[in-house]
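# Chain and residue survey
What follows is the residue order along each chain.
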Amino acid sequence: MPIIKSAKKAARQAEKRTENNVRIKKDIKAALKAFKEKPTAKNLSKVQSEYDKAVKKDLMKKNTASRRKAALAKIAKASGKKSK
């Protein structure tokens, strides 16, 4: 356990940040699962939005998110659904 006041604060901050990061990652996984079950334009938009949020929060690199979004768009196009 941290003894110094600043170390205690840093531990609290790290805990909150970890919770937020886990929540965002769970949201991505849930949206991705919904898209894979039913690849619609609405679900595609939701997944892409979640990836954008992760990039904005520095949980994922921009190019990684872009690559994954392109792959999803390819799947949606193959299924006959277009993104908006």
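About the criteria used
- Residues numbered from 1 in each chain as written.
- Predicted model: local features only at pLDDT ≥ 70, side-chain atom pairs only at ≥ 80, totals over all residues.
- Heavy atoms only, no water.
- Salt bridge = Lys/Arg side-chain N within 4 Å of Asp/Glu carboxyl O.
- Axes fitted to C-alpha atoms, helices over the stretch in contact; angles between N-to-C directions.
- Helix = DSSP H or I, 4+ residues; strand = E, 2+ residues; numbered from the N terminus.
- Parallel < 35°, antiparallel > 145°, perpendicular 65-115°, else oblique.
- Left-handed = near helix turned anticlockwise from the far one by under 90°.
- Contact = heavy atoms within 4.5 Å.
- Expected span 1.5 Å × (residues − 1).
- Buried < 20%, exposed > 50% of the residue type's maximum accessible area, 1.4 Å probe, protein only.
- Core = buried A, V, L, I, M, F, W, Y, C linked by side-chain atoms within 4.5 Å.

Taken as a whole and assessed by the stated rule, the structure comprises four salt bridges. Each of K46, E50 and K53 takes part in a single network of salt bridges with overlapping partners.

Running from amino to carboxyl end, helix α1 (residues 5-37) crosses helix α2 (residues 41-56) at an angle of 160°, the nearest separation of the two axes being 9 Å. Taken together, the axes of α1 and α2 lie roughly antiparallel to each other. You can see that α1 and α2 cross each other, and the crossing is left-handed. Along the contact surface, α1 presents I24, D27, I28, A31, L32, A34 and F35, while α2 presents N43, L44, K46, V47, E50, Y51 and A54.

Taking 1.5 Å per residue as the helical rise, α1 with its 33 residues ought to reach 48 Å, and the 49 Å between its terminal C-alpha atoms agrees with that figure. Among the residues making up α1, those that are buried are I24, I28, A31 and F35. Against α2 and α3 (62-78) lie the buried residues of α1.

Take the nonpolar core next. In terms of nonpolar packing, the biggest core is built from 13 residues, with I28, F35, V47, Y51, M60 and L72 touching the most fellow members. Within the residue set of this core, elements represented by two or more residues are α1, α2 and α3. Element by element, the count of residues in this core is highest for α2, at five residues. Each residue touching L72, except ones within four places of it in the same chain, is listed here: L32, F35, L44, V47 and Y51.

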